[in-house]
Structures are given as structure tokens and as C-alpha cells.
Amino acid sequence: MGLDERLGGGVPKGHVVLVSGPAGSLKSTLVYRILFNEALERGAASLYLSMEQSRKSLLAQMAAFGMDAGKAKTLNVIDVRGLRRELETNSMQPHWILGLREQLTRYKRELGCDLLAVDSLDALYALTPFENPRNEIFQFLEEVRDLDATTFLVSEMPADRRTFGAYNVEEFLADGILHLRIKEVDVGLTTSVRRFIAVLKMRGIEHDMDYYPLLVQKGRFEIVTD
């Protein structure tokens, strides 16, 4: 609640959006919720690629936030083990970036793909022996665009890093950036940890760049503006 209003209606169709933030900022949960709601309310064909968690672990985590996978029939979740089985042939190790491009094309053909999430870029990079990272990332994102899907790319952003992607190129190639951050706030004798969200970039949309509190309570996600 409140995100569409910050975006003048929502994320434009076909955009590639970088979702960056530190551990614990709920990047994965926010992205999954977007795909879940689109599948639940509009029957959108959605594909969530989990490069870090197993499918079972991810679905259990999301169920704890009130998102029962059984209710969103058009949301497909594939984890890294499933991808590895698809990519590996004989004893050869897969080239993950190249293989993923091919698999995404096949998933699009077989499952449909109105919305796509890759969680996370950092995990994908860890599996990929880059020769020319910037060039290969550029090619990968261009092929993702060719899928004609609205895409969310989760990016880990440690507190000591100022860039939103590991190679300082993702933020320029992406159409949008959603930044989640965590701030410690002193409340009386205790210190409270609070989450904030901002739309730092979204091509084709006039938007503010303020950070707003992101409240998550009993499965309800809300951006507080008052």
C-alpha cells in the first residue's frame, strides 16, 4: 500500500527495476509480494528465480507473511537446484549467465512470464566466471528486456557500499531503482530498527525521492507518508 501512489500508478510494464538494500531490509519479501499480488489479483504469469534459498524455504518464509503459494496459481518459483539440473549437461559446469538467458526464453515460452524476479544478482554473479563483467551484465540485461516482462533484480547493498549494484553499472542499465534501507532510532531507553523505502529512479515517471517508513504488520505492507 502506498507504493503505486509514489509511482503515479505503478511500475511501467516492461521496466527492469533494481531492488537494492542491506540484509534484513525485506528486499526479497517485497519483490515476492509484488509478484504474488499480481498473480492473485490479475492472474499474471510470474516467475521468481531464487538463487539463494531453496524453493521450500522461500515459500515457508513467504507463508509466514501471509502469502500462501497455493492461492497464486500463476506464480512459479524455481530455485538454484532446479536451475542447475536444467543447465548442467554430463560433467560440464554450466555457464550461468549464458545458460540463464536460454532458460528464461524457455520459461517464457512454456510458463509465460509477465513478471520476473531474479533473487539475487549477487548470488548469480558468485556462480559466474566473468571475463568482462560490465559487458556481460549489459548483454544479460538486454536479453532480459527482450522477454517483454516487468523484471525485478534483487541486489545486496552492504552498508559500506555506495553503489546499488556490485559492478557499478547495474544502476545505469536499470530503468528503475527501489532502495530499501535500515535505520536505528532511539526510542526512550531502547533502540528501534526501522525500515525505509524510496524510489530513486523510474524512467518515464515523475516521482519524489523521499524515504518513507515501510511498515510490515500481520502480512500488511504499507508505506507511511503522514
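Further up the page is the structure itself.
All figures in this text were calculated on a predicted structure; none of them were measured in a lab. (Residues numbered from 1 in each chain as written. Predicted model: local features only at pLDDT ≥ 70, side-chain atom pairs only at ≥ 80, totals over all residues. Heavy atoms only, no water.)

1. Considerations on the overall build of the protein chain
Now for step 1: Helix and strand content of the protein chain: eight helices and nine strands.
Now for step 2: Taking 2.2 N^0.38 as the reference for a compact globule, 226 residues should give roughly 17 Å; the C-alpha atoms of the protein chain span a radius of gyration of 17 Å, in line with that estimate.
Now for step 3: Relative to its full complement of 226 residues, the protein chain shows a buried share of 49%.
Now for step 4: Residue pairs in contact within the protein chain that sit at least 24 positions apart in sequence constitute 72% of those at least 6 positions apart.
Now for step 5: Total accessible area on the protein chain stands at roughly 11,700 Å², and carbon and sulfur atoms take up 49% of it. (Helix = DSSP H or I, 4+ residues; strand = E, 2+ residues; numbered from the N terminus. Rg over C-alpha atoms; globule rule 2.2 N^0.38 Å. Buried < 20%, exposed > 50% of the residue type's maximum accessible area, 1.4 Å probe, protein only. Contact = heavy atoms within 4.5 Å. Areas by Shrake-Rupley, 256 points an atom, 1.4 Å probe, with all protein chains shown as cover.)

2. Some points on the sheet that holds strand β4 (residues 115–119)
Now for step 1: Taken in spatial order, the nine strands make up an open sheet running β3-β2-β4-β5-β1-β6-β7-β8-β9, and their pairing is mixed. Strand pairing shows two members of the sheet lacking a second neighbour, β3 (75–79) and β9 (220–223), which therefore form its edges. If you compare each strand with its neighbour and ignore which way they point, the axes differ by 20 degrees on average.
Now for step 2: In this structure, strand β8 (residues 212–217) lies alongside β9, joined through four bridges in antiparallel fashion. Residue Q217 lies in a different strand from β9, and its bridge partner there is R220.
Now for step 3: Set on the sheet, helix α3 (residues 55–64) makes contact with β2 (46–50) and β3; between it and β3 the angle comes to about 135 degrees. (Pairing = 2+ DSSP bridges. Axes fitted to C-alpha atoms, helices over the stretch in contact; angles between N-to-C directions.)

3. Here's the deal with the packing of helix α2 (residues 27–42) against α3
Now for step 1: At their nearest, the axes of α2 and α3 sit 11 Å apart, and the two run at 80 degrees to each other. What the angle tells us is that α2 and α3 run roughly perpendicular. Of α3, the residues touching α2 (which contributes S28, T29 and Y32) are L58, L59, Q61 and M62.
Now for step 2: Here the contact of α2 with α3 is built from residues that sort into four nonpolar, three polar and no charged. (Parallel < 35°, antiparallel > 145°, perpendicular 65-115°, else oblique. Nonpolar A, V, L, I, M, F, W, Y, C, P; charged D, E, K, R; others polar.)

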